[in-house]
Amino acid sequence: MVLIEGRHTILKGLIRSYSQIFFSTNYFFAILLLLISFIDLSVGLAGIVSALVAIITSYIINLEREVIAKGLYGFNALLVGLGLGFYFDINITLLLLAAIAGFFTLLVNITLQGVLGKYYLPYLSLPFVLSMWLVLSATWQLTSIEVNQSSVYLLNEIFRVGGLNFISIHDWWISHVNSNFINGYFISLGSIFFHFNVLAGVLVALALLLFSRIAFSLSLLGYSVAYFAYLIFGLDITTLGYSEIGFNFILTAIAIGGYYYIPSSTSYLWAVAITPVVAMVTTGLVLVLKTLGLPILSLPFNMIVLMFIYSLRFRTSISGIREVVVQEGKPELNLYSYQSFTKRFPNFGWVKIKLPFFGVWSVNQAHNGEFTHKGEWAHAWDFVVLDSSGKQFKNNGNVASDYYCYGKSVIAPADGEVVEVEDGIDENPIGEINIAKNWGNTVIIRHAVGLYSKVSHLKKGSIAVRAGDKVRFGAKIGEVGNSGRSAYPHLHFQIQANEYIGSKTIKYPISSFIVNGSEVKTFDYPKLDDRVCNIETDSLLVSVFNFKPGQVLSWSVKKGESIETESWEVGVTYLNKLYIRCNASGAKAFFELDDVYFYFTHFDGDKKSLLYKFYLAAYRVPLTFLPGLVVNDSIPVNKTFSGLTLYLHDFIAPFKHLIHTDFRLNAFRIGSDFDTEGYRFETVVAGRFLKGELWTLNYELEVQSNRRIIIRNKQEKTMAICEL
């Protein structure tokens, strides 16, 4: 079993070494590039030998298996081998040299990984450049190796690859395509694999186009800007050996415009702006390295990309071009995941501050209030408790105890540390205020650096905490009173940037609450006259959707008269990301559970699987129930669209999002309010072009009180049942 697993890891790493040259782990793309590398047999064999030695060695010395399988320890060695195959003819000496070079390149790779990794920088193809220089310097002295003459006999190589048909295409191209611009672009692409001919470049361009429309457009952009930059400089690109350096501009544009940064109009502009810099550096390095007898290879690409990434790490604001945080391995995936995530979770990472009370309260003064919430103190709330007729008090309201909120518990709105307490201020008679101590009895809690909450006008002697106390959400910190500038009992609540009483407020949202008993709000601001309360989760929903690592979910799937079974297993990644894996298809759906929702964050695998249907049906499920509750969300378009529609949309996606997928869930109770048998969620997934609807998918998701989950697909007329 271990041997089979090792073979799979090595094979994956070897194949993906080819696509890693374009920052990809896509198998189909990698196989196409592998085949292209064999247009010249010497180049292809030397490359695969060098990469294989590096991959096997990395496995033997027990490097990270996942990194090996991605080809990250093989692609630099592959490039060195391809280079050796280009310079020297195939024989035993060349293959032995390629193997030695592969081992040496791995050592350089690991070393640079450690050095640059300290600064969270990629090593790119820098190991290839350094290794290639040293290996070439050594090989010039060898007598048992001959210079590769295949480029002289190009027609023979073309015939070997594609026969007379390829020869005919080659002859037609030579006769009809005389553009230096077009031929230079394709030769630049082919030169990445040490094939300095148009045929190789055309095949690489087609493979790149199939793999990623964004990467393909960026390759054109980078080359085009560099081409015209050289014209403006008045330089002869032929003299500069442009075909041997053109790929620097292509790889730089792809790296900056779509791989290390989220593809956007801004990233494209940066790709344009940085290309002339690469051109200038390239021109200078060509002359410097020529005196040393060394080729320039991909040195300009490595230098400029590393300096650019490092420089942007010193930004004081992340506005503008945005670095990829979770690398999906393809510009389109990076883009669609980012667009979906920022739309779904605009407040991701924010401290969750909730309402500082239990039960239903009413907002009688909100932000920019009519009376006191103005100027630097505009972002605050005053809360009171109302009865069914909308009154704050019983009897005639002449004493504090007549007010429904008076004496009610005030709780910590989030975990934190008490930093300031003021107590001992007398209660005001109804209608009078204390201007000298206008905040009254107050507690301030620090929740994070620069984030504090303050509750004021508390009841004298009711404060239950002291400065330095650690508190959790829900802990009692005092009671509502009528101290300070308070004519009648109410609770003043604000968020501020420091710990001092009287500090100005900041606009910071409440993380989750229910409005008027019918609407769930997340990271929003209670408004005047809203009746609000904290969300109380439903125990049944929490118990069902609180999937634990190692848990097995067994399903019975009914379609017509047939019944099939399948099982899923809950797992967790080394980054503590929870997922559900279908044992039959290998599909994975990643999920999270917070104090409001169960929701999926990512899906990878077979879209015909039951797990994919569950991903769509339960994309976002509330963990509480309200009559008439509706949940809206959006699903990444690459998870629902496919084919020509998505293919064409990829070209414009960095600039304009024309297609989108909406998710809508309606919640219903099964049974009565007094005898709940569970909940039914009806979900609609709709694909849209602009405002028009292209298609819809309808699902029913039932969660029964006996902990049974049922998924119904209305289109396919299937039903799946899971007994937890």
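Residues numbered from 1 in each chain as written. Predicted model: local features only at pLDDT ≥ 70, side-chain atom pairs only at ≥ 80, totals over all residues. Heavy atoms only, no water.

Relative to each other, helix α11 (residues 213-233) and helix α15 (residues 331-344) sit at 115°, their axes nearing to 7 Å. Facing α11, whose interface residues are Arg213, Ile214 and Ala215, α15 presents Pro331, Glu332 and Leu335. For the contact of α11 with α15, the residue count by class is four nonpolar, no polar and two charged. (Axes fitted to C-alpha atoms, helices over the stretch in contact; angles between N-to-C directions. Helix = DSSP H or I, 4+ residues; strand = E, 2+ residues; numbered from the N terminus. Contact = heavy atoms within 4.5 Å. Nonpolar A, V, L, I, M, F, W, Y, C, P; charged D, E, K, R; others polar.)

Quick look at the sheet that holds strand β18 (residues 620-622) now. Taking strand neighbours across the sheet as the criterion, the 12 strands line up as β18-β17-β16-β15-β14-β13-β24-β23-β22-β21-β20-β19 in an open arrangement whose pairing is antiparallel. The sheet terminates laterally at β18 and β19 (630-635), the two strands that pair on one side only. Strand-to-strand twist of the sheet, defined as the mean angle between neighbouring strand axes without regard to direction, takes the value 25°. Across three bridges, the pairing between strand β17 (residues 597-604) and β18 is antiparallel. Across the sheet, Phe598 pairs through a bridge with Val621, a residue of β18. Contacting β17, β18 and β19, α15 crosses the sheet at an angle of about 155° to β19. (Pairing = 2+ DSSP bridges.)

Moving on to the nonpolar core. Membership of the largest hydrophobic core comes to 104 residues, with the highest contact counts inside it found for Phe22, Leu33, Leu84, Leu189, Phe193 and Leu208. Tallying contributions element by element places helix α12 (residues 242-259) first for this core, with 10 residues. Ignoring anything within four residues of it in the chain, the contact list for Leu189 reads Phe22, Gly201, Val204, Ala205, Leu208 and Ile250. Counting residues in each nonpolar core, the second largest holds 55 residues, with Phe345, Leu626, Leu629 and Ile635 among its members. (Core = buried A, V, L, I, M, F, W, Y, C linked by side-chain atoms within 4.5 Å. Buried < 20%, exposed > 50% of the residue type's maximum accessible area, 1.4 Å probe, protein only.)

Moving on: the packing of aromatic side chains. Counted under the stated rule, the structure contains 57 aromatic pairs. Ring geometry for Tyr87 and Phe88: centres 6.4 Å apart, planes at 50°, overall tilted. For Arg65, the ring lying beneath its charged end belongs to Tyr59, and the centroid distance is 3.8 Å. Here Lys354 stacks its cationic end above the ring of Phe473, 4.6 Å away from the centre of that ring. (Phe/Tyr/Trp six-rings, centres within 6.5 Å; stacked < 30°, edge-to-face > 60°. Lys NZ or Arg CZ within 6 Å of the ring centre and 35° of its normal.)

So, on to the pattern of salt bridges. One pass over the full model with this rule turns up 22 salt bridges. In this structure, the salt-bridge partner of Lys70 is Glu66, at a minimum N-O distance of 3.7 Å. Overall, Lys70 belongs to the partly exposed group, its relative accessible area being 33%. Close ionic contact of Glu417 with Lys470 constitutes a salt bridge, the shortest N to O distance being 3.9 Å. In this pair, Glu417 sits in strand β4 (residues 416-422) while Lys470 sits in strand β7 (residues 470-471), placing the two residues 53 residues apart along the sequence. By relative accessible area, Lys470 is classed as exposed at 65%. (Salt bridge = Lys/Arg side-chain N within 4 Å of Asp/Glu carboxyl O.)

Here we come to a nonpolar patch on the surface. Taken together, the side chains of Leu52, Ile56, Ile60 and Ile61 make up a nonpolar region of the molecular surface, amounting to roughly 330 Å² of accessible area. By the secondary structure assignment, Ile61 is in the loop between α3 (41-60) and α4 (65-69). The exposure class assigned to Ile61 is partly exposed, which follows from its relative accessible area of 45%. (Patch = residues over 30% accessible without salt bridge, like charges linked within 9 Å, V, L, I, M, F, W, Y side chains within 5 Å. Areas by Shrake-Rupley, 256 points an atom, 1.4 Å probe, with all protein chains shown as cover.)

Right, let's get into the sheet that holds strand β11 (residues 519-524). Strands sit in the order β7-β4-β5-β6-β9-β2-β1-β12-β10-β11 across an open sheet of 10 strands; the sheet is antiparallel. Each edge of the sheet is formed by a strand with only one pairing partner; in this case those strands are β7 and β11.

Looking at where Gln365 falls in the secondary structure, it is placed in strand β1 (residues 361-365). Among the polar contacts made by the side chain of Gln365, one reaches the main-chain amide nitrogen of His373 at a distance of 3.3 Å. Once residues within four sequence positions are removed from consideration, Gln365 is found in contact with Glu370, Phe371, Thr372, His373, Ala380, Trp381, Asp382 and Leu528. (Polar contact = N/O pair within 3.5 Å; in protein donor to acceptor, adjacent residues only side chain to side chain.)

Take the packing of helix α6 (residues 92-117) against helix α7 (residues 126-139) next. With their axes 9 Å apart at the nearest point, α6 and α7 run at an angle of 140° to one another. By the criterion of interaxial angle, the relationship of α6 to α7 is oblique. When the axes of α6 and α7 are compared, the crossing they make is right-handed. Contacts between α6 and α7 involve Leu97, Ala101, Phe104, Thr105, Val108, Asn109 and Leu112 on the former and, on the latter, Leu126, Pro127, Leu130, Ser131, Leu134, Val135 and Thr139. Classifying every residue of the contact of α6 with α7 by side-chain character gives 10 nonpolar, four polar and no charged. (Parallel < 35°, antiparallel > 145°, perpendicular 65-115°, else oblique. Left-handed = near helix turned anticlockwise from the far one by under 90°.)

Right, let's get into helix α5 (residues 75-87). When the terminal C-alpha atoms of α5 are compared, their 19 Å separation across 13 residues agrees well with the 18 Å that a helix rising 1.5 Å per residue should span. The buried fraction of α5 is high, at 11 of 13 residues. Buried within α5 we find Phe75, Asn76, Ala77, Leu78, Leu79, Val80, Gly81, Leu82, Gly83, Leu84 and Gly85. (Expected span 1.5 Å × (residues − 1).)

Another aspect to go through is the side chain of Thr505. Checked against the element boundaries, Thr505 lands in the loop between β9 (491-496) and β10 (510-515). Among the polar contacts listed, one links the side chain of Thr505 to the backbone nitrogen of His379, at a separation of 3.1 Å. Those residues in contact with Thr505 that lie beyond four places of it in its chain are Glu376, Trp377, Ala378, His379, Ala380, Gln494 and Ile495.

Pairing of strand β14 (residues 562-572) with strand β15 (residues 578-582) involves five bridges; the strand directions are antiparallel. For Trp568, the partnering residue across the bridge sits in β15 and is Cys582. The antiparallel hairpin formed by β14 and β15 contains five residues in its connecting segment, where Asn576 sits at a positive phi of about 65°. As paired elements, β15 and strand β16 (residues 588-593) share four bridges and run antiparallel to each other. If you follow Arg581 over to β16, its bridge partner there is Lys588.

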